[in-house]
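Results of the structural survey
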Amino acid sequence: MASPEGLTAQPPHSATWLVHVDRSMWVGGVRGLMLQALHPLAMRGVWQNSNFQEDPFGRLRRTADFVGRVTYGSPEEAEEIGRRVRGIHRSLRIHDPDTGKTHRVDDPELLLWVHCAEVASYLETARRAGVRVTDRLADQYLWEQRRSATYVGLHLEDVPGSVSEMEHYFEEMRPKLRVIPESAATIRFLLWPRVPQDLRFLTPAKPAYFPFGALCYYTLPGWARELYGVLPEVPQTTVTAALRAFRLAMNSVPESVHSRVFQPATRAMLQATRERLAAAGYDLGKGLRGLVDPRRRPGRIAV
């Protein structure tokens, strides 16, 4: 029997798997983009080097592909996408109109901000949505995500590896954050995204996009919502209830249907992962999500 560590970049018994396999990740992903946009230089990097204005949903799908590969992909797939991302970032530059200076996209400070805004959003959204992540597992998750940060070029020792370290990082970063025109436009795009051509089957659900975007917005920290100020405040108990309802609804969607929102390459990677795990003795009867149950792992499968 193959070692679980050799089958996927993060094994099914990891805290990373517990958080990432939950469908609350869609809210966490958009929340992460909204949070990232508060760093002026990071936001300008996205604005100047991508088609985010035309296809903000595309960036979310590309992020989902990266996160999927460094979670469920083979160790080789994780290393390969890391090399690809580092190669792309290495060649890109950002012009800062405030100072007239040019910066590298792979500046460690910018990479760290993007990483922390992303993984903190995944973790905080999952816990608030009802995923059973204890304080110990929350620290374990952030510790494991230090490895994911190395794929984009960061060093393990420079990345927060616990909840307290992450909280300290955000406290240090807050004076550097503000809303620039690109940040405000980003919020507008994420509240009402344009549907990519290959996702036209979602068009009938478009009236739900604004409530979904608003839900992502309202899960932001209070200080971030105060900076944006684009929507009136609502009781946070209502936000939590809506988030939990969203999670329950999304987790009831069959895996075969849910996977249609991913890019074809992501779907192919996930299918290869299912086949690899099934061959190693994992019970895939409930899909990848089912593997958070230890009884579905080799040697623990219920009869």
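Everything below is about the structure shown above.
What counts and how
Residues numbered from 1 in each chain as written. Predicted model: local features only at pLDDT ≥ 70, side-chain atom pairs only at ≥ 80, totals over all residues. Heavy atoms only, no water. Helix = DSSP H or I, 4+ residues; strand = E, 2+ residues; numbered from the N terminus. Rg over C-alpha atoms; globule rule 2.2 N^0.38 Å. Buried < 20%, exposed > 50% of the residue type's maximum accessible area, 1.4 Å probe, protein only. Areas by Shrake-Rupley, 256 points an atom, 1.4 Å probe, with all protein chains shown as cover. Lys, Arg positive; Asp, Glu negative; His and termini not counted. Charge placed at Lys NZ, Arg CZ, Asp CG, Glu CD. Disulfide = S-S within 2.5 Å. Core = buried A, V, L, I, M, F, W, Y, C linked by side-chain atoms within 4.5 Å. Contact = heavy atoms within 4.5 Å. Axes fitted to C-alpha atoms, helices over the stretch in contact; angles between N-to-C directions. Parallel < 35°, antiparallel > 145°, perpendicular 65-115°, else oblique. Left-handed = near helix turned anticlockwise from the far one by under 90°. Nonpolar A, V, L, I, M, F, W, Y, C, P; charged D, E, K, R; others polar. Expected span 1.5 Å × (residues − 1). Polar contact = N/O pair within 3.5 Å; in protein donor to acceptor, adjacent residues only side chain to side chain. 1 Å grid on protein atoms, 1.4 Å probe; cavity = no way out; pocket = protein on both sides within 12 Å on 5 of 7 lines; lining within 4 Å. Points joined across faces, edges and corners; volume = space filled by probe spheres on them. Phe/Tyr/Trp six-rings, centres within 6.5 Å; stacked < 30°, edge-to-face > 60°. Lys NZ or Arg CZ within 6 Å of the ring centre and 35° of its normal.

On a plain count of helices and strands, the chain comes out with 15 helices and two strands. Taking 19 Å as the expected radius of gyration for a compact globule of 303 residues, we find that the chain reaches 19 Å, a close match to that expectation. Overall, the chain is about 65 × 40 × 40 Å in size when its C-alpha atoms are taken along their principal axes. Within the chain, the proportion of its 303 residues that are buried is 52%. For the chain, the exposed area adds up to about 14200 Å²; of that, 57% sits on carbon and sulfur atoms. Averaged over its 40 positive side-chain charges, the chain has a centre that lies 6 Å from the centre of its 33 negative ones.

Taken as a whole, this structure holds zero disulfides when the rule is applied. Cys116 takes part in no disulfide bond, and the closest cysteine sulfur, belonging to Cys216, lies 20 Å away. When its relative accessible area of 0% is taken as the criterion, Cys116 is described as buried.

All right, on to the nonpolar core then. Counting 85 residues, the largest nonpolar core has Met34, Leu35, Trp113 and Phe170 as the members making the most contacts within it. Among the elements that line this core, the one with the most residues is helix α7 (residues 108-129), at twelve residues. When neighbours within four sequence positions are excluded, Leu35 is seen to be in contact with Trp113, Ala117, Ser121, Phe170, Leu220, Pro221, Trp223 and Ala224.

As a further point, take the packing of α7 against helix α9 (residues 163-173). Where α7 contacts α9, the two axes come as close as 11 Å, and the packing angle between them is 125°. On the basis of their axis angle, the class for α7 and α9 is oblique. Considering only the axes of α7 and α9, their crossing is left-handed. On the side of α7, the interface is formed by Glu109, Leu112, Trp113, Cys116, Ala117, Val119, Ala120 and Leu123, while α9 contributes Val163, Met166, Tyr169, Phe170 and Met173. For the contact of α7 with α9, the per-class residue count stands at twelve nonpolar, no polar and one charged.

Moving on to α7. With 22 residues, α7 extends 31 Å from end C-alpha to end C-alpha; this agrees with the ideal 32 Å at 1.5 Å per step. Counted residue by residue, α7 has 16 buried out of 22 residues, so it is predominantly covered. N-cap assignment for α7: the residue whose side-chain oxygen lies 2.8 Å from the backbone N of Glu109 is Asp107. Phi for Gly130, located one or two positions after α7, is positive at around 115°.

Here we come to empty space enclosed by the protein. Enumeration over the complete set of coordinates arrives at three cavities of 30 Å³ or more. The calculated volume of the largest cavity comes to roughly 380 Å³. In terms of lining, the largest cavity is formed by 24 residues, of which the most central are His20, Met25, Tyr72, His258 and Phe262. Secondary-structure elements contributing two or more residues to the lining of the largest cavity are α3 (25-36), α5 (56-69), α14 (255-258) and α15 (264-279). Counting residues per element, the lining of the largest cavity draws most heavily on α5, which supplies five residues.

Reported here for the largest pocket is a volume of approximately 960 Å³. Along the wall of the largest pocket there are 36 residues; nearest its centre are Arg59, Arg62, Thr63, Val85 and His89. Breaking the lining of the largest pocket down by element, the ones donating at least two residues are α3, α4 (40-49), α5, α6 (75-90), α7 and α8 (135-151). A per-element tally of the lining of the largest pocket places α7 first, with seven residues. In the lining of the largest pocket, the residues fall into 20 nonpolar, eleven polar and five charged.

This next bit is on the packing of aromatic side chains. Tallying each qualifying case throughout the model produces nine aromatic pairs. Ring centres of Tyr217 and Tyr228 lie 6.4 Å apart, and the angle between their planes is 50°; on these two criteria the pair is classed as tilted. Taken together, the residues span a long stretch of sequence, with Tyr217 in helix α11 (residues 209-218) and Tyr228 in helix α12 (residues 222-228) at a distance of eleven residues. The same class applies to Tyr217 as to Tyr228, namely buried. One aromatic cluster is present, formed by Trp113, Tyr169 and Phe170 through successive ring pairs. Across from the ring centre of Trp143, 4.0 Å away, lies the NZ or CZ of Arg146, which sits over that ring.

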